[in-house]
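# Residue-level structure breakdown
Each chain, letter by letter, is given below.
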Protein chains: 2
Amino acid sequence: MSLPHALLALLSGREMTGYEVSQQFGRSTAHVWQAPDSQIYPALRRLAEQGHLEVEEVDDGGRGTKKRYRVTDAGLDELRYWLASPTQYRRQRDPAYLKAAYLEWAEPAVVRELLTEHIAFHAEHLELLERTRATLLDGSHPTLARRLERHPVAEHEQIVAWKVFAYDGLIDQARTEIAWARRGLDLADRLAGQVTDRVGRA
Amino acid sequence: MSLPHALLALLSGREMTGYEVSQQFGRSTAHVWQAPDSQIYPALRRLAEQGHLEVEEVDDGGRGTKKRYRVTDAGLDELRYWLASPTQYRRQRDPAYLKAAYLEWAEPAVVRELLTEHIAFHAEHLELLERTRATLLDGSHPTLARRLERHPVAEHEQIVAWKVFAYDGLIDQARTEIAWARRGLDLADRLAGQVTDRVGRA
DNA sequence: TTTGACATGTAATGAGTTACATGATTTC
DNA sequence: GAAATCATGTAACTCATTACATGTCAAA
């Protein structure tokens, strides 16, 4: 149930239209919380109904109207309340680890493909995370830059530091996954070697 | 959509009643895939309807009947098919990391509590994982022991190795989380120190 | 005698996914 | 002329969660 809080957190940086929010959810916020448009637009409407967001209808030059959302004081209170309430850890559900525990049912080729794809997936993710982390530090992250404008300079270091901290954790996670899958490939080789040995001796 | 596959994987070790399955989902399988009873019983029924499981009604001495489920050949095929199909990586949705990225909105005391709880949660989890890993290696893991009985000795090492591999990954994940949150506590101290400095100088 | 294990679910609700709908404008 | 971007959703469905329901038996 954190989607509304993810939206409040994102909009705490600056006001945005629904479309901009959905764009951010495809870029920066996506690293910690992903959601499709079909969840975002209704969630924004509900937050507005609850008074956590303020809506302004903006004319969009002939092609209809767009809605600009701004966090209200009640919305900021809700954000702080959520940060202070106990974190709801989600149930463990990891398809890759579930598969890993039962790899005795898979052919060696399947095992290798699975682990290779695990590495590829997280390597790509890792690269993206590292690139984004760099933009946080060199000031070229547009959403962060706009966020900082609204805060006194004394607070900037703190704001940046927590964002970098979050990315550091995600980067560590990705590296952990890659290292694990590499050890899995080594294990696959060892197990294959043993089978070969037995066949050779027979 | 991996719950049915988690059930097939678990039942590939030996036949079980619905209750035993739900017990295992509270113990060994839970580390990679958790589900409540209300999901497990209907899922077992659906797997039986699809022919992936075989049901046997067992009289339970006066107190009704229980159902014993056994994986069919079609069920094993489905398990192998699932292992070979591309892993569906789930959308990133981590409340702890979402909070971390916006900790500038939280009081220092809230930050510390959050990170301390993150450490406690994963430390407890880690301990459980390490204890379970040990039982896999010393032969005292009951579900694994029963699974091995049904396989030739030559395959035992392989079966155990993949289970241990999965646990090793989960253990690394838990350690990564703990290390990350510890660095967060250091960061909180550093940021608090700076505020104190400024106040001191003023 | 009450607690916990055994045994199997249903019902209501909420969260999340996939596919689709619509139409303008800008860029290649 | 086609593709991408802007802009906002609905509808149908599946998956997951929480709470509840029901009754027996064994052990403390």
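Heads up: the structure comes first, above all this text.
Residues numbered from 1 in each chain as written. Chains lettered and ligands numbered in written order. Predicted model: local features only at pLDDT ≥ 70, side-chain atom pairs only at ≥ 80, totals over all residues. Heavy atoms only, no water.

### Let's talk about the packing of aromatic side chains
- One pass over the structure, following the stated rule, counts eight aromatic pairs over all chains.
- Considering the side-chain rings of Trp162 of chain A and Phe165 of chain A, the 5.5 Å spacing of their centres and the 75 degrees angle between planes classify their relative orientation as edge-to-face. Of the two residues, Trp162 of chain A and Phe165 of chain A are both situated in helix α8 (residues 153–201); the distance of three residues between them amounts to about one turn of the helix.
- The exposure class of Trp162 of chain A is buried, given its relative accessible area of 2%.
- Taking the relative accessible area as the measure of exposure, Phe165 of chain A reaches 4% and is therefore buried.
- Centre to centre, the rings of Tyr97 of chain B and Trp180 of chain B are 4.0 Å apart; their planes meet at 10 degrees, and the pair counts as stacked. Placement of the pair is Tyr97 of chain B in helix α5 (residues 95–100) and Trp180 of chain B in helix α8 (residues 153–201), with a sequence separation of 83 residues.
- By relative accessible area, Trp180 of chain B is classed as buried at 1%.
- Members of the aromatic cluster, joined through ring pairs, are Tyr97 and Trp180 of chain A together with Trp162 and Phe165 of chain B.
- It is Lys99 of chain A that lies over the ring of Trp82 of chain B; its NZ or CZ is 5.4 Å from the centre. (Phe/Tyr/Trp six-rings, centres within 6.5 Å; stacked < 30°, edge-to-face > 60°. Helix = DSSP H or I, 4+ residues; strand = E, 2+ residues; numbered from the N terminus. Buried < 20%, exposed > 50% of the residue type's maximum accessible area, 1.4 Å probe, protein only. Lys NZ or Arg CZ within 6 Å of the ring centre and 35° of its normal.)

### Quick look at the protein's contact with DNA strand C
- Among the 19 residues in the neighbourhood of DNA strand C, the closest are listed as Met1 of chain A together with Tyr19, Lys67, Arg91 and Arg93 of chain B.
- What you see for DNA strand C is that sugar and phosphate hold 73% of its atoms within 4 Å of the protein.
- Ser38 of chain A places a side-chain nitrogen or oxygen 2.7 Å from a base oxygen of DNA strand C.
- In the environment of DNA strand C, a phosphate oxygen lies 2.6 Å from a nitrogen or oxygen atom belonging to the side chain of Arg93 of chain B. (Near = heavy atom within 4 Å. Polar contact = N/O pair within 3.5 Å; in protein donor to acceptor, adjacent residues only side chain to side chain.)

### Some words on the pattern of salt bridges
- The full count for this structure, using the stated rule, is 26 salt bridges over all chains.
- Across the salt bridge formed by Arg183 of chain B and Asp172 of chain A, the nearest N and O atoms sit 2.8 Å from each other. Placement of the pair is Arg183 of chain B in helix α8 and Asp172 of chain A in helix α8, with the two residues belonging to separate chains.
- Given a relative accessible area of 36%, Arg183 of chain B falls into the partly exposed group.
- A single network of salt bridges, built from pairs that share partners, joins Glu15, Glu54, Glu56, Arg68 and Arg70 of chain A. (Salt bridge = Lys/Arg side-chain N within 4 Å of Asp/Glu carboxyl O.)

### Remarks on the layout of surface pockets
- As a volume, the largest pocket reaches approximately 1,600 Å³.
- Every residue lining the largest pocket is counted, 45 residues in all, and those nearest its centre are Arg93 and Asp94 of chain A together with Gln92, Arg93 and Asp94 of chain B.
- Listing elements by their share of the lining of the largest pocket, those giving two or more residues are α5 (95–101), α6 (108–137) and α8 of chain A together with α6 (108–137) and α8 of chain B.
- When residues in the lining of the largest pocket are grouped by element, the largest group, six residues, is from α6 of chain A.
- Looking at the lining of the largest pocket, its residues break down into 16 nonpolar, 18 polar and eleven charged. (1 Å grid on protein atoms, 1.4 Å probe; cavity = no way out; pocket = protein on both sides within 12 Å on 5 of 7 lines; lining within 4 Å. Points joined across faces, edges and corners; volume = space filled by probe spheres on them. Nonpolar A, V, L, I, M, F, W, Y, C, P; charged D, E, K, R; others polar.)

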